[in-house]
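Chains, contacts and geometry: an overview
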Amino acid sequence: MDRCPLCGSNDNTWLVADTNRDYFRCLQCALIYADPTTHLTSSQEKLVYDQHQNNPNDIGYRQFLGRLATPLATRLSSPPLSGLDFGSGPGPTLSVMLAEMGYTMTIYDPYFAAQSVVLEGQYDFVTCTEAIEHFYQPAKEWGLLLRLVKPGGWLGIMTKLVTDTDAFEHWYYKNDPTHVSFFSHDTFCFLAQRDGLEVEFVGNDVILLRKPQ
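Attention here is on the structure that accompanies the text. If you're wondering where the values come from, they're calculated on a predicted model, not measured in any experiment.

What follows deals with the nonpolar core. Among the nonpolar cores identified, the biggest contains 36 residues, and Leu84, Phe86, Val126, Trp142, Leu155, Ile157 and Phe188 are the most heavily contacted of them. Top element by residues in this core is helix 4 (residues 138–148). It accounts for five residues. Aside from chain neighbours lying at most four places away, what touches Leu84 is Met105, Thr106, Ile107, Tyr108, Val118, Leu119, Tyr123, Phe125, Val126, Thr127 and Leu148.

Below is the structure:
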């Protein structure tokens, strides 16, 4: 069996299968991941993303993103601070909301805003909303996220967390073919301990991590 794509452990087990793919669980970091041989190609993946209707004028979407923006802002120093929204999607909205709060925002998305130069800097905070579950190489992408955050800075993540492995087979969230990496409370606690981060869980799907000074 392949190594865990997040922590590299060989201690993995088959969890469940549906009509489309098998899922495995790492017994070290608790990541659940889809069989890598079933990953979509880049062109197939983008076709799915092109169907997303994200819009900064959508009040409901703003309220959804506010579940991360509001608690993150309460932990940040007063503006001006610099932030990066990683995985901003076809209709960047969180970056607009944070800019309205006075923060200097940059965006990056591998399909819709792929200016790699922005990945060469560091930021006071980095946000990643509804994107980490799409990571095909989560070890590589997690390392990038941490590198992008300045010492003492914050990483704000929004993703649906696995809460019951027994119920995973019937979980709607896994049915999106672009969702391949499924994190849990235990996964983020593992990463925080391994990487020396402070971690806070806000509600059911927001994770705030602080990098040491």
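A few words on helix 1 (residues 42–49). Regarding helix 1, the residues found buried are Glu45, Val48 and Tyr49. For helix 1, the angular spread of buried residues about the axis comes to 100°, placing them on one side. Facing away from the buried side of helix 1 by over 90 degrees, the exposed positions are Ser43 and Leu47.

On to the sheet that holds strand 8 (residues 181–182), then. The strand order 1-2-3-8 describes an open sheet built from four strands, whose pairing is antiparallel. Taken across any chain shown, the strands that pair with only one partner, and hence form the sheet edges, are strand 1 (12–17) and strand 8. With five bridges joining them, strand 1 and strand 2 (residues 22–26) adopt antiparallel strand pairing. Within strand 2, the position partnered with Thr13 by the bridge is Arg25.

Below, the discussion takes up the side chain of Ser95. Looking at where Ser95 falls in the secondary structure, it is placed in helix 3 (residues 94–100). For Ser95, a relative accessible area of 8% puts it in the buried group. Those residues in contact with Ser95 that sit more than four places away from it in its chain are Asp85, Met105 and Ile107.

The mixed open sheet is built from six strands, whose spatial order is 5-4-6-7-10-9. Two strands bound the open sheet, and with one partner strand each, they are strand 5 (104–108) and strand 9 (198–202). Taking each pair of neighbouring strands and ignoring which way they run, the sheet shows an average axis angle of 20°. Where strand 4 (residues 82–86) meets strand 5, five bridges bridge the pair, whose relative direction is parallel. Bridge pairing links Phe86 to Tyr108 in strand 5. Of the strands in this sheet, strand 4, strand 6 (123–129), strand 7 (149–158) and strand 10 (206–210) are in contact with helix 4, which crosses strand 7 at around 130°. Strands strand 7, strand 9 and strand 10 of the sheet are contacted by helix 5 (residues 185–195), whose axis makes an angle of about 160° with strand 9.

One water molecule sets the probe size; rolling that probe over the atoms shows where empty space is left. For the largest pocket, the calculated volume is near 810 Å³. In terms of lining, the largest pocket is formed by 36 residues, of which the most central are Tyr49, Gly87, Asp109, Ala131 and His134. Here the lining of the largest pocket is built from residues that sort into 17 nonpolar, eleven polar and eight charged. The calculated volume of the second largest pocket comes to roughly 150 Å³. Lining of the second largest pocket is provided by Lys160, Leu161, Val162, Thr163, Asp164, Ala167, Phe168, His170, Trp171, Asn204 and Asp205.

Basis of the calculations
- Residues numbered from 1 in each chain as written.
- Predicted model: local features only at pLDDT ≥ 70, side-chain atom pairs only at ≥ 80, totals over all residues.
- Heavy atoms only, no water.
- Core = buried A, V, L, I, M, F, W, Y, C linked by side-chain atoms within 4.5 Å.
- Buried < 20%, exposed > 50% of the residue type's maximum accessible area, 1.4 Å probe, protein only.
- Helix = DSSP H or I, 4+ residues; strand = E, 2+ residues; numbered from the N terminus.
- Contact = heavy atoms within 4.5 Å.
- Arc of directions from axis to C-beta.
- Pairing = 2+ DSSP bridges.
- Axes fitted to C-alpha atoms, helices over the stretch in contact; angles between N-to-C directions.
- 1 Å grid on protein atoms, 1.4 Å probe; cavity = no way out; pocket = protein on both sides within 12 Å on 5 of 7 lines; lining within 4 Å.
- Points joined across faces, edges and corners; volume = space filled by probe spheres on them.
- Nonpolar A, V, L, I, M, F, W, Y, C, P; charged D, E, K, R; others polar.

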